[in-house]
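Close look at the chain arrangement
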Amino acid sequence: MDSNHIVTLYIFVTSDTPDLYINIIGYCIEHYPIKKIVFLRVLEDRGQKKSVEESLKRIKESVSQQLDL
């Protein structure tokens, strides 16, 4: 794989528990040149957008904290 190639890991969030994503991220970082991680969640309606964005932000922060440890 080209060393200049940016690999993005997309994770579809199905739970607000960040522990579920730690092993996935750790494995991918160890085996692939991950440069960016994107958390995604499917909206059932547009009225949920703000709460979903806030939830994804909390998950991202929790995962980042656990990975830093």
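To start, this report covers the structure provided alongside it. (Residues numbered from 1 in each chain as written. Predicted model: local features only at pLDDT ≥ 70, side-chain atom pairs only at ≥ 80, totals over all residues. Heavy atoms only, no water.)

1. Some points on the pattern of salt bridges
Under the counting rule described, the total for this entry stands at 1 salt bridge. In this structure, Arg41 and Asp16 form a salt bridge, with 3.0 Å as the shortest nitrogen-oxygen distance. Here Asp16 lies in the loop between β1 (7-12) and α1 (19-31) and Arg41 lies in the loop between β2 (34-40) and α2 (49-68), a separation of 25 residues in the sequence. Judged by relative accessible area, Arg41 falls into the partly exposed class, the value being 23%. (Salt bridge = Lys/Arg side-chain N within 4 Å of Asp/Glu carboxyl O. Helix = DSSP H or I, 4+ residues; strand = E, 2+ residues; numbered from the N terminus. Buried < 20%, exposed > 50% of the residue type's maximum accessible area, 1.4 Å probe, protein only.)

2. Comments concerning the side chain of Ser15
Looking at where Ser15 falls in the secondary structure, it is placed in the loop between β1 and α1. In contact with Ser15, not counting residues within four places along its chain, are Leu20, Tyr21, Arg41 and Ile59. (Contact = heavy atoms within 4.5 Å.)

3. A closer look at the pairing of β1
Taking every second residue as pointing to the same face, the buried face of β1 carries Val7, Leu9 and Ile11, while none of Thr8, Tyr10 and Phe12 on the other face is buried. For β1 and β2, the ladder comprises 6 bridges, and the chain directions are parallel. Each residue of the ladder has a partner; that of Ile11, found in β2, is Phe39. Following the chain from β1 across α1 to the adjacent parallel β2, one finds a crossover that is right-handed. (Pairing = 2+ DSSP bridges. Right-handed = clockwise from strand over helix to strand, strands pointing away.)

4. Points about α2
When the terminal C-alpha atoms of α2 are compared, their 28 Å separation across 20 residues agrees well with the 28 Å that a helix rising 1.5 Å per residue should span. Listed as buried for α2 are Val52, Ser55, Leu56, Ile59 and Val63. Projection of α2 onto a plane perpendicular to its axis shows the buried side chains occupying an angular sector of 100°, all on one side. Pointing more than 90 degrees away from the buried face of α2 are the exposed residues Lys50, Lys57, Gln65 and Asp68. Tucked inside the fold, the buried residues of α2 contact α1 and β2. (Expected span 1.5 Å × (residues − 1). Arc of directions from axis to C-beta.)

5. Digging into a nonpolar patch on the surface
On the surface, Tyr10, Phe12 and Val42 cluster together into a nonpolar patch covering about 380 Å² of accessible area. Relative to the helices and strands, Phe12 resides in strand β1. (Patch = residues over 30% accessible without salt bridge, like charges linked within 9 Å, V, L, I, M, F, W, Y side chains within 5 Å. Areas by Shrake-Rupley, 256 points an atom, 1.4 Å probe, with all protein chains shown as cover.)

6. A word on the packing of aromatic side chains
A full pass over the atoms with the stated rule returns 1 aromatic pair. Here Tyr21 and Phe39 contribute two aromatic rings whose centre-to-centre distance is 6.3 Å and whose plane-to-plane angle is 80°, an arrangement assigned as edge-to-face. Of this pair, Tyr21 sits in helix α1 while Phe39 sits in strand β2, placing them 18 residues apart in sequence. Both residues of the pair, Tyr21 and Phe39, count as buried. (Phe/Tyr/Trp six-rings, centres within 6.5 Å; stacked < 30°, edge-to-face > 60°.)

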